[in-house]
Amino acid sequence: MANTPSGTVITSPRGDTPIDQATEAARRVIDALLRTNRDDANLARVAAELDAIADHLEEHAGPVQERLVDMWSGEGVTRHDPVTGPENAVAPPLVLRGYDDASVRGEVALTIPYQGPPGCVHGGVSALLLDHVLGVANAWSGKDGMTAQLNVRYHRPAPLFETLEVSGRQERTEGRKIWTTGQISHNGEVCVSVEGLFINKKVPRPT
């Protein structure tokens, strides 16, 4: 954080590479399947085409252990996580920036695949976003670790299709313990807030 300009994007960028393009297309498919007219969309043909695509991808998929090593190689900037990963079709993906007040912040509009209550974000999805954002905030502050506890409070429904502000900040550390807070807001009103306890310990990278 000390050597990085405030406002720097600190999540993996989405680019024009074939994998990023294919993943974005998969996101469109997931969203469209939930919105399509099930009686008029010729879903039998769609299923056959998607099965053919899946067969092709599986033919070119190596052993899982090799893929895990590849995912976590280098500096470990993740392109595959389920929140910010441009290579993960279930990720929105959320783009985060790091600021000199030790916070990380980003904006995202979630769609039908993330629905819980009618027209609103699923509470578990909100918790997933915040758990990840707190982890990024810890890394941005220079001391991170594993989630030990999350206290999530739901203040009001977070709407789908609207811009949500997601933020996190490391508050303090004590030995191996790290306390971090975050929230999801809409138009300046807090929808979900969280207090997290992390332990400065890592799972070994696969080799």
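Summarised in this report is the structure supplied together with it. Because the structure is a prediction, the values reported are computed rather than measured.

### Details of the pattern of salt bridges
In step 1: According to the stated counting rule, one finds 13 salt bridges in the structure shown.
In step 2: Among the salt bridges present, the one from R172 reaches E174, with a minimum N-O distance of 3.8 Å.
In step 3: When its relative accessible area of 44% is taken as the criterion, R172 is described as partly exposed.
In step 4: Among the charged side chains, a network of salt bridges with common partners joins D20, R67, D70, R79 and E87.

### Considering helix α4 (residues 123-141)
In step 1: The terminal C-alpha atoms of α4 lie 27 Å apart, and with 19 residues this matches the ideal 27 Å at 1.5 Å per residue to within 8%.
In step 2: Those residues of α4 that are buried are in contact with β2 (97-98), β3 (103-108), β4 (146-154), β5 (164-174), β6 (177-186) and β7 (189-199).
In step 3: A positive phi of about 100° marks G142, the residue just after α4.

### Some details on the side chain of D20
In step 1: By the secondary structure assignment, D20 is in helix α1 (residues 18-35).
In step 2: Residue classification places D20 among the buried residues on the basis of a relative accessible area of 2%.
In step 3: A distance of 2.4 Å separates the side chain of D20 from the side chain of R79, its partner in a polar contact.
In step 4: The contacts of D20, once residues within four sequence positions are left out, are P13, R14, G15, R79, P86 and E87.

Reading guide: rules and limits
- Residues numbered from 1 in each chain as written.
- Predicted model: local features only at pLDDT ≥ 70, side-chain atom pairs only at ≥ 80, totals over all residues.
- Heavy atoms only, no water.
- Salt bridge = Lys/Arg side-chain N within 4 Å of Asp/Glu carboxyl O.
- Buried < 20%, exposed > 50% of the residue type's maximum accessible area, 1.4 Å probe, protein only.
- Helix = DSSP H or I, 4+ residues; strand = E, 2+ residues; numbered from the N terminus.
- Expected span 1.5 Å × (residues − 1).
- Contact = heavy atoms within 4.5 Å.
- Polar contact = N/O pair within 3.5 Å; in protein donor to acceptor, adjacent residues only side chain to side chain.

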